[in-house]
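Summary of the model geometry
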Amino acid sequence: MLGMRRRAFITLLGGAATAWPLAARAQQPAMPVVGYLDAGSASERAYIVAAFRQGLADAGYVEGQNVAIEYRWAEGDYGRLSEMAADLVRRQVSLIVTPGAAAGAQAAKNATSTIPIVFAVGQDPVKLGLVESLARPGGKPPASIFSRTSW
């Protein structure tokens with residue numbers, strides 16, 4: 001009888017030891033996904049992507065390790081930007097990055113009011129209607145997008 005209880009206890013302990021790492025992994029937050037929306041092509045914008053990846057790495061984010069990036073390339077067809085931005089929103093990315101073209105930033109803005117958008121444009125973003133003001137782009141205090149606790 002004592003041997004059966006001991007075996008049952010050891011089996012229970014072994015099962016718990018096996019299940020614990022699985023439960024711990026299940027509790028880890030999902031890897032954040034950044035949506036990258038560009039009006040150009042991957043080949044012509046490789047230098048910008050390299051700088052973007054380096055900036056992420058400098059902040060402690062490495063593609064494939066602790067952040068995923070979903071790339072969308074319009075290949076010069078600006079008419080595709082709206083559908084590609086909508087696709088990123090459907091995929092529930094954590095952030096949308098649109099470097100270089102105001103059309104990409106506008107497509108992202110039209111697609112979502114809840115996902116943060118990071119853009120780089122040469123024109124005044126207030127005059128383009130991309131932000132309410134430079135001090136408070138979304139009309140509220142800025143949040144830390146790259147805070148590890150926010151993802």
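Description of the structure in this document.

Definitions and cut-offs
Residues numbered from 1 in each chain as written. Predicted model: local features only at pLDDT ≥ 70, side-chain atom pairs only at ≥ 80, totals over all residues. Heavy atoms only, no water. Helix = DSSP H or I, 4+ residues; strand = E, 2+ residues; numbered from the N terminus. Buried < 20%, exposed > 50% of the residue type's maximum accessible area, 1.4 Å probe, protein only. Contact = heavy atoms within 4.5 Å. Pairing = 2+ DSSP bridges. Axes fitted to C-alpha atoms, helices over the stretch in contact; angles between N-to-C directions.

1. Some points on the overall build of the protein
- From N to C terminus, the protein includes 4 helices and 4 strands.
- For the protein, the succession of helices and strands along the chain, N to C, is α-β-α-β-α-β-α-β.
- Out of the 151 residues belonging to the protein, those deemed buried represent 28%.
- The contacts of the protein with a sequence gap of at least 6 include a subset with a gap of at least 24, amounting to 54%.

2. Some details on the sheet that holds strand E3 (residues 95–99)
- Taken together, 4 strands build an open sheet; the order of strands is E2-E1-E3-E4 and the sheet is parallel. Looking at which strands have only one partner, the edges of the open sheet turn out to be strand E2 (68–73) and strand E4 (117–120). Sheet twist, expressed as the average angle between the axes of neighbouring strands with direction ignored, equals 15°.
- Bridge count between strand E1 (residues 33–38) and E3: 3 bridges; the pairing is parallel. Opposite Val 34, over in E3, you have Leu 95 as the bridge partner.

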